[in-house]
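# Overview (structure and organization)
These are the residues of each chain, in order.
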Number of protein chains: 2
Amino acid sequence: MSTELQQPTGATVDAPKMRVAKPKAPKEPQFTLKTPKGTKDWSDKDMVIREAIFETISKVFKRHGGVTIDTPVFERREILSGKYGEDSKLIYNLEDQGGELTSLRYDLTVPFARFVAMNGIQNIKRYHIAKVYRRDQPAMTKGRMREFYQCDFDIAGTYDSMVPDAEILSIAVEGLTSVGITDFKVKVNHRKILDGLFEVCGVQLDDVRRVSSAVDKLDKASWEDVKKEMMVEKNQPEDVVDRIGKYVLLKGSFRETLDVLKADEVLLSNESAAAGIKEMETAAAYLESFGIIDYLSFDLSLARGLDYYTGLIYEAVTSASAPPPKAEGDEKLSSKDKKKKKKEQGLDEDDNSENVGVGSILAGGRYDKLVGMFAGDKKKNSSIPCVGVSFGIERIFSLVKARAGIMDKVRPTSTQVYIMAFGGGKEWNGFLPERMTVAKKLWEAGIEAEFLYKAKPKPRQQFDAADKAGCPLAVILGQEEFLKGEVKVKELGLGEESDEGINVKLEDLTAYLKEKLNEKNGGGATEEIIRLLTSSEI
Amino acid sequence: MSTELQQPTGATVDAPKMRVAKPKAPKEPQFTLKTPKGTKDWSDKDMVIREAIFETISKVFKRHGGVTIDTPVFERREILSGKYGEDSKLIYNLEDQGGELTSLRYDLTVPFARFVAMNGIQNIKRYHIAKVYRRDQPAMTKGRMREFYQCDFDIAGTYDSMVPDAEILSIAVEGLTSVGITDFKVKVNHRKILDGLFEVCGVQLDDVRRVSSAVDKLDKASWEDVKKEMMVEKNQPEDVVDRIGKYVLLKGSFRETLDVLKADEVLLSNESAAAGIKEMETAAAYLESFGIIDYLSFDLSLARGLDYYTGLIYEAVTSASAPPPKAEGDEKLSSKDKKKKKKEQGLDEDDNSENVGVGSILAGGRYDKLVGMFAGDKKKNSSIPCVGVSFGIERIFSLVKARAGIMDKVRPTSTQVYIMAFGGGKEWNGFLPERMTVAKKLWEAGIEAEFLYKAKPKPRQQFDAADKAGCPLAVILGQEEFLKGEVKVKELGLGEESDEGINVKLEDLTAYLKEKLNEKNGGGATEEIIRLLTSSEI
């Protein structure tokens, strides 16, 4: 049976609401039928596209020797605390479960570090695609939800410098191109270089993270605004800020930017900066071997929010994810009008997001101390160094879904064959048990098949159902042919040039259908949609 | 790089614990590194097997025209309340999130009904494989966890009687056989027949559910014990209980049991029972068309706990899931000794489960009123009738994993080729960038490949790493051959009959490897493990 999702659940639309009044049952509470704030259902074609993206990126991960793990959706609260800085307030707590305090996971990185430490693992390449939870203000237009998927690949272990880092960047590039995203740039930087340049510019050690977070805004704000923030809010002297400006506005191709840094005697005199520059020099050769260096842009303003990074940091943006210009006239709307407009667009009235594109589509970096925080050994070196990438899967989904034509080509079910019965008159029994037997034969042969759950169905009903499922083939049990052990196979969806069909003996049916389907879509609906992801047609 | 999971996370073993003392950092709390009670990490071969089971059963679901949906892991609390009877106390609540009360989902059925009602869906076949949460006393040996997967297929919509019910039973049978489980019985019964027989036996309407739950224990308890419970705890007169006994001890093949019921004038005089018997008669023909009737056993003692069933109910058991005899001597152990023994077996000391096998491996039934509880319309008929199946995926996993030999044949990674460099002397540079270029070439061709993250690796290290990954092939960059544009391809894991290898030109490498891999495992590691599931070898 085909699905009848009357209300498509799109990525940028809030979950539909429906007030249910129950006047005849006063004991039952009136309630609002909706999903919790910042969450939504996924279904229909959205779900098919998302699953295809997961499968495609998983294949990339497996190609690089990744294994997958599955950790509980909630962790003991002490595992998460002290890992996310200011954002810790966004952690979802569960009610006390008999003395055990637990919280929903905030990301997949901290549970991974806990897993590595707990099991005494020395090295692992693991991927994990799962939901994480942040009690943030939802902003549907930006794809910011309270429940959303992360899609991570991390390499843990002690290796020669920058080798896993370069492979992680290669995985980032391959992951995006595997789903047909090619117009992106990966901005890269290095925490040791950043720390060193703040030091040589005269920033006090205690101020580094605060200054760093101001610098990180340079992708959205002008230098003047950032300078003001550093002077006014972060209390930095103007000469310090100007020296910082000289560095953080530096960006360009990986090799050229590296050359500028290598020529900077002041920076090289700083131990941290010199170490960072040397690592980036090492990386450059590997990035060339992987053929991905042209995707990268060395950008000294990239700082990344999370505390735990210790080396390479990066994030990828596409032109599609850059902030679009504001819609004309929006500024003139009153607050009330804006709320009304949001409501018309299907958004929460309290969704205070502006329409600023999808943001970065992946990000990551090296974090060498996190596992050590759990392993808790005395020797500094006992921590397991890690480097990882996290794909912004909901944002990637939005980009894929926005491609012209893709929604027309994707179909929600995998059904390949609709089994029908034609006939009429009082004598006709509708061949229901016979349709079941034929269906079973097809299922056993691995062919996706459906039939109408009706004893005596009309031809129209059956064609409509096949049409909704987007079925390419029909098998028809005709009143006379079937008694001779034959069925008619008919191609569907041909529009004007309707197919007359061909009679096939029952014993040859599955072989015939498999050949026919292989001609039509080369294996099946899943393969079809995965091919669609990188197809040049759309 | 291969994984080094020193502590395998088995299905029947509690998550390992590790006390971490931090004497030098008094400000940080001492904490226990473990997962929350009743939860565990999945990894390594367990994860590979579980993923293969999910993929195999998903394929069965897609074959039947199923679409998949994804609902939030938590729901508004009012959605869940009043749906699970006594078990509502097992629901996990989240802390109040600014006035919104939410709870982790208890199953996938209620969220599905909420989804159907909220979107005004008239008919859908949906499957959903996801985690659910029950604050139960964990019993690892029984596979009873607080966080576990469910794997559901449901058909919603108004159709001709028993047609979707028969297809659901066919999906149940196909799902189990698809993962190589064939020695099972599906016990079936019908709520209308049960309700009718209690009525004709003289049970008061208000007592039906309580009496029913006593009857449901007949698979584990003797009739004498159940009779006692009905008389003492449920206050039923002895003549009523004896009349019930006459019926609920009845079980056997579908057709034979049906014939007994059809000959029972008393039962047929009851409207509810007569309706149920008629539906089972209708189903019989369809079950024969699907060729699955011999898997079924009509069992009048099957009652199923959940309140919401209204028609067909069923559950599948295997001989492997029947209670094993108690280990000798266990009775004699003191409570303290029992705790010690559990600890030795890696179990929670407070795990009070007995070792009683894995229980039913799937279950389900018809529930025609649940969507209506959400849709809340006045007309009775406006509810959407549903029938579904839920696979007990963790139990199925235990059965698959217990098969002799399977753990030796499964490998954690999909890696097919290990890229190595051989050489030596001062001049030798280890070919690291060159190994990277070759790896990239293979990745681009879709071949899973790894190399050692080391500039100058020793042959032994590289073979060890390939061995851990279970790689079938090695590509070797030899000092001299590589400068001539050639590499050596060598088969691994041949033991005594070591392969000498064959020289291949770089430009022919991917084509050669693909052919070779196709010979060896017919497509890849994933395909290999999925074939293993139903292989007769294990």
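See above for the structure.
Computed from a prediction, not measured in an experiment: that's the story for all the values here.

Another aspect to go through is the overall build of chain A. Broken down by element type, chain A carries 19 helices and 18 strands. Every one of the 538 residues in chain A was classed for burial, and the buried ones make up 56%. On chain A, roughly 22900 Å² of surface is accessible, and the fraction owed to carbon and sulfur atoms is 49%.

Another aspect to go through is the sheet that holds strand β14 (residues 417–422) of chain B. Strands pair in a sheet through their backbones, by hydrogen bonds, and they do so in one of two ways: parallel or antiparallel. All names here are of chain B. Read from one edge to the other, the open sheet built from five strands follows the order β15-β14-β16-β17-β18, with strand pairing classed as mixed. Edge positions in the sheet fall to β15 (449–451) and β18 (502–505), since each of these pairs with one other strand and no more. Pairs of neighbouring strands in the sheet enclose a mean axial angle of 30°, with direction left out of account. In this structure, β14 lies alongside strand β16 (residues 473–478), joined through six bridges in parallel fashion. Across the sheet, residue Ile 419 finds its bridge partner in β16, namely Val 475.

Residues and elements named next belong to chain A. For helix α8 (residues 238–248), the complete set of buried residues consists of Val 240, Val 241, Ile 244, Gly 245, Tyr 247 and Val 248. Axial view of α8: buried residues confined to an arc of 160°, hence all on one face. Where α8 is buried, its residues touch α5 (191–201), α6 (208–215), α7 (223–233), α10 (265–268) and β10 (296–299).

Here the focus is the packing of aromatic side chains. For any pair of aromatic rings, the description consists of the separation of the ring centres together with the inter-plane angle of the planes. Residue and element names in this part refer to chain A. According to the stated counting rule, one finds 38 aromatic pairs over all chains in the structure shown. Pairing Phe 61 with Phe 391 gives two aromatic rings, centres 5.8 Å apart and planes at 55°, and the pair type is tilted. Taken as a pair, Phe 61 in helix α1 (residues 44–63) and Phe 391 in strand β13 (residues 386–391) lie far apart in primary sequence, 330 residues in all. Exposure class is identical for Phe 61 and Phe 391. Each is buried. Here the aromatic rings of Tyr 308 and Tyr 309 are separated by 5.4 Å at their centres, their planes lie at 65°, and the arrangement is edge-to-face. You'll find Tyr 308 and Tyr 309 in the same group, each marked buried. Above the ring of Phe 112, the side-chain terminus of Arg 126 is found at 4.2 Å from the ring centroid.

Rules of the game
- Residues numbered from 1 in each chain as written.
- Chains lettered and ligands numbered in written order.
- Predicted model: local features only at pLDDT ≥ 70, side-chain atom pairs only at ≥ 80, totals over all residues.
- Heavy atoms only, no water.
- Helix = DSSP H or I, 4+ residues; strand = E, 2+ residues; numbered from the N terminus.
- Buried < 20%, exposed > 50% of the residue type's maximum accessible area, 1.4 Å probe, protein only.
- Areas by Shrake-Rupley, 256 points an atom, 1.4 Å probe, with all protein chains shown as cover.
- Pairing = 2+ DSSP bridges.
- Axes fitted to C-alpha atoms, helices over the stretch in contact; angles between N-to-C directions.
- Arc of directions from axis to C-beta.
- Contact = heavy atoms within 4.5 Å.
- Phe/Tyr/Trp six-rings, centres within 6.5 Å; stacked < 30°, edge-to-face > 60°.
- Lys NZ or Arg CZ within 6 Å of the ring centre and 35° of its normal.

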